[in-house]
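If you want the building blocks of each chain, they are given just below.
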Amino acid sequence: MEEDEKTRVLILQPGKIEQDLEFDLVPIKDYKDFKYEALSYAWGDPTLTHPAYCSGMEKKITANLDAALRRLRHSHNARCLWVDAICVDQNNNDEKARQVNMMQEIYENAKQVIIWLGAPLAHDSLAFESLRRLQGSLEKPGNNWFSIALGWYRGQDEKFYAGGAHRWALTAEIEYEHLVNLLCRPWFTRTWVIQEVASAKNAIVLYGQRSMQWEAFADTYIKLGDHFLPVTQFRDQQPLHSLESIGAIEDARRAHSGPLTMSLFHILVATSYSQCNDPRDKVFAVQGLARDWIPHQSTPKLESVKALQQGTVMAVDYTLPVTEIFTQFAVSDSKLYRDLRSLSCAMGPNPTCHGLPSWVPDWTSIYNTYPFVRFSDRTQFSASGRMKAVAWHSHKQKFFHVTGKVVDKISVLGQIPDFAKAIGVFEITKEKLGELRKSLKWLQDCEMIALSTDPTQKQSGDLWRTMVCGLTGEGFPAPAKYAEYFSDYMRFLSGDNNSASAPDLFLDFLNDARGFAVGVRGTHEKLPKGHALIEASIYRWASRRRLCKTKNGRLGFAPKAAQEGDLICVLYGGEVPYVLRPWKHGYFLVIGECYLDGIMHGEGLSEDAPSKVFKLL
């Protein structure tokens, strides 16, 4: 490819479905020269290939790409496409780096981005019909289509549903299993699709012969997740991760087209569930969307100019090892913003395959994709009182020196959380009942830890704030009325002399429903909205951490990798406290961020402990 050429486009020749695929590659110097469509797809198994013919020369392409091109090929007219596996020389690292720098431009200038989910499996094409039905229901103004109700419903499919899920449209006409299966398609796991769709002027989803506009597709799935449908209640993590990817794409689309922008750090956190064959692409595949990256343009943005001046540019270079790329980002981000947010995504003492320092996030395996610092604009946390970081890196960037003080030490740790939502249960099964019992036991264990030492302390009253980490499910400061909500929620789960526990209540529903072929019982009894609010907060914040009690009697939530004896420190420039572990020769390992009730707003700065420099290994 010549220096003055932007990229290549693929001219797909017309043909019938059974004919060989034939195309030509044409270089372009100006995007206006061709009205092309860009393909967004999963490459698929590289060992399963089919022949295609580029200007008469045979070229091997994956089976999934073969299926996509056959679906897109016109019978009588040529079609102009951009397809990464063909239009970019994948064996030329210099060309790959140059094209990656321009990837946002390529998708942004396409007249349409085509999302190919693959050839449909048996009956999964019904998912599109279900999405259309749901979209129509959701768009009706004032339609409270999912209520928080008790009781049960037995459908014609002989499955048992909780009262909150009972809507004839949902159970009789909506193929929710197929909706979940669709989220398991490989496309949702790819890191590259975030930038590809976020940059698009217009995007359409294709699944076999079915099609749907991306905006409608994404909006419906996001609302499904928000209303506790089974998409978010399956133990298999892939549907949950796919919902995360859809949300990340929509966040990036809004940031790309509106006045608000996202930093590379926030994009990396939001896309941490996604995967790529080359771990370096965890950064390269999304940095074109970031406000603090130097794009391949003649007029970089203000933040990019600042980054350039400070030497914090992230260059696309496939000759660099992944360790150096991840470390370079951690160093660049702390220099550019003078804060310590990357420590919130540190992996602790557990070594990864990349051998990174404990203070450098491994973006291929972040254990908690909801760190508090992801929502800095909402939480109002300021553990170090809005101080700027007093920190520096060693010459070879092996060590990170940060200044702060020790404010407490972990003395007791709770069990690893095993939390399941009881509000908005969709399908009632024995497995779901088992999850609810484990969840109740974990919450009761947390209560016992809170009251285990000095019951005269206010910890019974402080527990509610700790269990939600002081936040609503959306990340805003939790109001005082959450104390009452938490008390009522725990009473609902545990039961009392006048009512059964939540697991026993659902067991009664299940046993009752088995006596009827089809029927509805008890759905008129509604649950308080506060139950769902408390549950959303616990699920988002506490369920991803471990309850801890400190030497000074404070309650908090620490990373799952924390141990008794670990130090809780306020580091200058940190929005939240951090858990550090003393290591050999005076060094410390970063375990991760934590919530500690009573020191989230600068109170720890008044502790008597002197300031010191922590050498992070």
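Refer to the structure printed above.
Here goes a summary of the coordinates provided. Worth saying up front: this structure is predicted, and the values here are computed from it rather than measured. (Residues numbered from 1 in each chain as written. Predicted model: local features only at pLDDT ≥ 70, side-chain atom pairs only at ≥ 80, totals over all residues. Heavy atoms only, no water.)

1. Let's talk about the overall build of the chain
So, point 1. Helices and strands together make up the secondary structure of the chain, namely 20 helices and 21 strands.
So, point 2. Looking at the 617 residues of the chain, the share that counts as buried comes to 57%.
So, point 3. Expressed as a percentage of contacts within the chain between residues at least 6 apart in sequence, the contacts between residues at least 24 apart total 73%.
So, point 4. Just so you have it, the chain exposes about 26,400 Å², and 50% of that area is on carbon and sulfur atoms. (Helix = DSSP H or I, 4+ residues; strand = E, 2+ residues; numbered from the N terminus. Buried < 20%, exposed > 50% of the residue type's maximum accessible area, 1.4 Å probe, protein only. Contact = heavy atoms within 4.5 Å. Areas by Shrake-Rupley, 256 points an atom, 1.4 Å probe, with all protein chains shown as cover.)

2. Focus on a nonpolar patch on the surface
So, point 1. Where nonpolar side chains cluster on the molecular surface, the patch consists of Val390, Trp392 and Val613 and spans about 250 Å² of accessible area.
So, point 2. Topologically, valine 390 is positioned in the loop between helix 15 (376–379) and strand 12 (391–393).
So, point 3. Using a relative accessible area of 38% as the deciding quantity, one classes valine 390 as partly exposed. (Patch = residues over 30% accessible without salt bridge, like charges linked within 9 Å, V, L, I, M, F, W, Y side chains within 5 Å. Salt bridge = Lys/Arg side-chain N within 4 Å of Asp/Glu carboxyl O.)

3. As for the environment of proline 582
So, point 1. Mapping proline 582 onto the fold places it in strand 18 (residues 578–582).
So, point 2. The class for proline 582 is partly exposed, based on a relative accessible area of 42%.
So, point 3. A C-alpha to C-alpha distance of 7.8 Å links proline 582 and leucine 567, two positions 15 residues apart in sequence.
So, point 4. In contact with proline 582, not counting residues within four places along its chain, are Leu567, Tyr587 and Phe588.

4. Quick look at the side chain of serine 263
So, point 1. Position of serine 263 relative to the elements: it lies in the loop between helix 10 (237–257) and helix 11 (264–270).
So, point 2. For serine 263, a relative accessible area of 2% translates into the label buried.

5. Topic: the pairing of strand 13 (residues 400–413)
So, point 1. Within strand 13, 10 of the 14 residues are buried, which leaves the element mostly enclosed by the surrounding structure.
So, point 2. Alignment of strand 12 against strand 13, held across 3 bridges, turns out to be antiparallel. Bridge pairing in strand 13 places alanine 391 opposite valine 402.
So, point 3. Count of turn residues in the strand 12/strand 13 antiparallel hairpin: 6 residues, of which glutamine 397 carries a positive phi of about 60°.
So, point 4. Where strand 13 meets strand 21 (residues 612–616), 5 bridges bridge the pair, whose relative direction is antiparallel. Opposite histidine 401, over in strand 21, you have lysine 615 as the bridge partner.
So, point 5. Pairing geometry for strand 13 and strand 17 (residues 567–571), over 5 bridges, is antiparallel. By the bridge assignment, glycine 404 is partnered in strand 17 with leucine 571.
So, point 6. Sheet topology places strand 13 next to strand 15 (residues 546–550); 3 bridges connect them, and they run antiparallel. Counterpart to isoleucine 410 in the pairing with strand 15 is threonine 550. (Pairing = 2+ DSSP bridges.)

6. Topic: the layout of surface pockets
One water molecule sets the probe size; rolling that probe over the atoms shows where empty space is left.
So, point 1. In this structure, the second largest pocket spans a volume of roughly 570 Å³.
So, point 2. Along the walls of the second largest pocket sit 22 residues, with Trp43, Arg190, Trp192, Asn277 and Asp281 positioned nearest its centre.
So, point 3. Class assignment of the residues belonging to the lining of the second largest pocket gives a composition of 10 nonpolar, 6 polar and 6 charged. (1 Å grid on protein atoms, 1.4 Å probe; cavity = no way out; pocket = protein on both sides within 12 Å on 5 of 7 lines; lining within 4 Å. Points joined across faces, edges and corners; volume = space filled by probe spheres on them. Nonpolar A, V, L, I, M, F, W, Y, C, P; charged D, E, K, R; others polar.)

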